[in-house]
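Each chain is listed here by its residues.
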Amino acid sequence: MDYYQVLGIEKNASQDEIKKAFHRLAHKYHPDKGGDEKKFKEINEAYQVLSNAEKRKQYDQFGRVFEGGAGGGNPFGGDFNWSWQNQSQGFDSEDLGDIFENLFSFGGGARRASKKDIRKGKDIQVDIEISLEDTLKRTDRKISLMKQIVCGRCGGNGAEPGTKLNECFSCRGIGQVQQVKRTVLGSYTTFTVCPECKGNGSKPEKPCNVCKFEGRIKGEEKIDISIPAGIDNNQAIEVEGRGDAGKRGGRAGNLYVRVFIKNHPIFIRKGDDLYLSQEINYSQAILGDEIEIPVLEGTKIILVIPQGTESGKVLRISGKGIPNFGGYGRGNMYVELKIKTPKKISKKQKELLNELKKEGL
């Protein structure tokens, strides 16, 4: 598996390009959004490596060495799976990913997560329903969410107003403490959240009376959502930084708005195209005619029915479908003509039809 191909990027892609590619694919294949779980795991694996400068350097040099595949083999020599299974007795059972991350960090030390990452708020997903007509243009909605919001009393730092934040004695302001682990591959250092300051790096002289040093509380927030024209059913919109507030000034999570489109009474959507079924009379089918048909905008247009039209014939009207989500014009509208067979006819109609029957029609 080529991580660059998984994310659909070039080998010289910047970190910003890697992040954008991951977000786009993660939204598309996330299992919670009906995506492919296996594909999502591949995307996440590729991103975890390529988004880390040291891991990316190792991958570019050796490939995926830990699976004995495209990376040029096992750097320890021999059958690594056998070695692990038969020599791990007497050591702590650790996640291999953590071991490899630390032993191959090209700097000798374990990677510290940033304090803001530790305190990051959770992402939130909400569902919203719009009409098919709403997809013709940008739609603005205001939603109200109960979520974690920044504490208004302490401003998010977790300390009672007027008191100081002192550096944590246990972690010396880092927010994490070191632990040395011993494994079959050797000893390595890992970092865990400091239990004393909860990853903050500092402790208040007096915790906030409202949030109790959390820096956030449960509250209601009104959020403006902009839904682009052409959005499809079950498509999600990312609103950065509008998820749960982070702990004690940490980065907020993101808000994901999943859009559902109501069924329309007469139009059926397929991609950017619209489909409409329209009944016509025998005389209109045989002689041809001009009729009015509805369009999604709520108005009507003239449709020309050719002479000799058969039931089931489909006519195309260009540019009367749904706007393309990427901004590349509009889809088409397809009208299926169905000849209406009356169940009851008048005496005059019957006489005329008998005359036509005599004429071979």
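The rules we used
Residues numbered from 1 in each chain as written. Predicted model: local features only at pLDDT ≥ 70, side-chain atom pairs only at ≥ 80, totals over all residues. Heavy atoms only, no water. Helix = DSSP H or I, 4+ residues; strand = E, 2+ residues; numbered from the N terminus. Buried < 20%, exposed > 50% of the residue type's maximum accessible area, 1.4 Å probe, protein only. Contact = heavy atoms within 4.5 Å. Areas by Shrake-Rupley, 256 points an atom, 1.4 Å probe, with all protein chains shown as cover. Expected span 1.5 Å × (residues − 1). Arc of directions from axis to C-beta. pLDDT = per-residue confidence, 0-100. Phe/Tyr/Trp six-rings, centres within 6.5 Å; stacked < 30°, edge-to-face > 60°. Polar contact = N/O pair within 3.5 Å; in protein donor to acceptor, adjacent residues only side chain to side chain. Salt bridge = Lys/Arg side-chain N within 4 Å of Asp/Glu carboxyl O. Axes fitted to C-alpha atoms, helices over the stretch in contact; angles between N-to-C directions. Parallel < 35°, antiparallel > 145°, perpendicular 65-115°, else oblique. Nonpolar A, V, L, I, M, F, W, Y, C, P; charged D, E, K, R; others polar. Pairing = 2+ DSSP bridges.

1. Concerning the overall build of the chain
Within the chain one finds nine helices and 15 strands. Within the chain, buried positions represent 35% of all 361 residues. For the chain, long-range pairs separated by at least 24 residues make up 64% of all intrachain contacts whose partners lie at least 6 apart in sequence. Total accessible area computed for the chain in this model is approximately 21900 Å², and 47% of it derives from carbon and sulfur atoms.

2. A word on helix H2 (residues 15–29)
The first and last C-alpha atoms of H2 sit 21 Å apart over 15 residues, in line with the 21 Å expected at 1.5 Å per residue. The complete set of buried residues in H2 reads Ile-18, Ala-21, Phe-22, Leu-25 and Ala-26. One face of H2 carries all of its buried residues, which in axial projection span an arc of 125 degrees. Along H2, the residues that are exposed and aim more than 90 degrees away from the buried face are Lys-20 and Lys-28.

3. Remarks on the confidence of the model for the chain
Per-residue confidence for the chain gives a mean pLDDT of 82, with 83% of residues at or over 70. Scored below 50 in pLDDT, residues 65–110 makes 61 contacts in the model with residues more than four places away or belonging to other chains.

4. Side note on the packing of aromatic side chains
Under the counting rule described, the total for this entry stands at four aromatic pairs. Ring centres 4.6 Å apart and planes at 35 degrees place the aromatic pair Tyr-3 and Tyr-59 in the tilted group. Residue Tyr-3 is found in helix H1 (residues 3–7), and its partner Tyr-59 is found in helix H4 (residues 53–62); the two are separated by 56 residues along the sequence. Note on Tyr-3: relative accessible area 5%, which makes it buried. Ring centres of Phe-22 and Tyr-47 lie 4.0 Å apart, and the angle between their planes is 10 degrees; this geometry places the pair in the stacked category. Pair noted here: Phe-22 is in helix H2 and Tyr-47 is in helix H3 (residues 37–50), with a separation of 25 residues, a long-range link. Taking the relative accessible area as the measure of exposure, Phe-22 reaches 12% and is therefore buried.

5. A few points about the side chain of Asn-332
On the secondary structure map, Asn-332 appears in the loop between strand S14 (314–317) and strand S15 (333–339). Within the local environment of Asn-332, its side chain forms a polar contact with the backbone nitrogen of Gly-319, the two atoms lying 3.2 Å apart. Setting aside anything within four residues of it in sequence, one finds Asn-332 in contact with Asp-272, Asp-273, Leu-274, Arg-316, Ile-317, Ser-318, Gly-319, Lys-320 and Gly-321.

6. Remarks on the pattern of salt bridges
Across all of its chains, the model carries 17 salt bridges by this definition. Lys-20 is the salt-bridge partner of Asp-16, the closest N and O atoms lying 3.4 Å from each other. In this pair, Asp-16 and Lys-20 are both assigned in helix H2, four residues apart and thus about one turn of the helix distant. Put simply, Lys-120 and Asp-123 hold a salt bridge, and the shortest N to O gap is 3.4 Å. In the salt-bridge network here, residues are joined through shared partners; they are Lys-147, Glu-221 and Arg-242.

7. What about the packing of H3 against H4?
In the contact formed by H3 and H4, the axes pass within 6 Å of each other and the chain directions differ by 105 degrees. The orientation of H3 with respect to H4, classified from their angle, is roughly perpendicular. Here Gln-48, Val-49 and Leu-50 of H3 come into contact with H4, specifically with Lys-55, Arg-56 and Tyr-59. Across the contact of H3 with H4, the residue classes break down as three nonpolar, one polar and two charged.

8. Remarks on the sheet that holds strand S9 (residues 255–261)
Strand order in this open sheet of three strands is S1-S9-S8, and the pairing throughout is mixed. Edge positions in the open sheet fall to strand S1 (124–130) and strand S8 (235–239), since each of these has one partner strand only. On average, each strand axis in the sheet is inclined to that of its neighbour by 25 degrees, with strand direction left out of account. For S1 and S9, the ladder comprises seven bridges, and the chain directions are parallel. Residue pairing for S9: Glu-129 is matched across the bridge by Phe-260.

9. Some words on H3
With 14 residues, H3 should reach 20 Å at 1.5 Å per residue; the first-to-last C-alpha distance of 20 Å fits that figure. Restricting attention to buried positions, one finds in H3 the residues Phe-40, Ile-43, Ala-46, Tyr-47, Val-49 and Leu-50. Where H3 is buried, its residues contact H1, H2 and H4. Backbone nitrogen of Lys-38 and a side-chain oxygen of the N-cap are separated by 2.9 Å at the start of H3; the cap is Asp-36.

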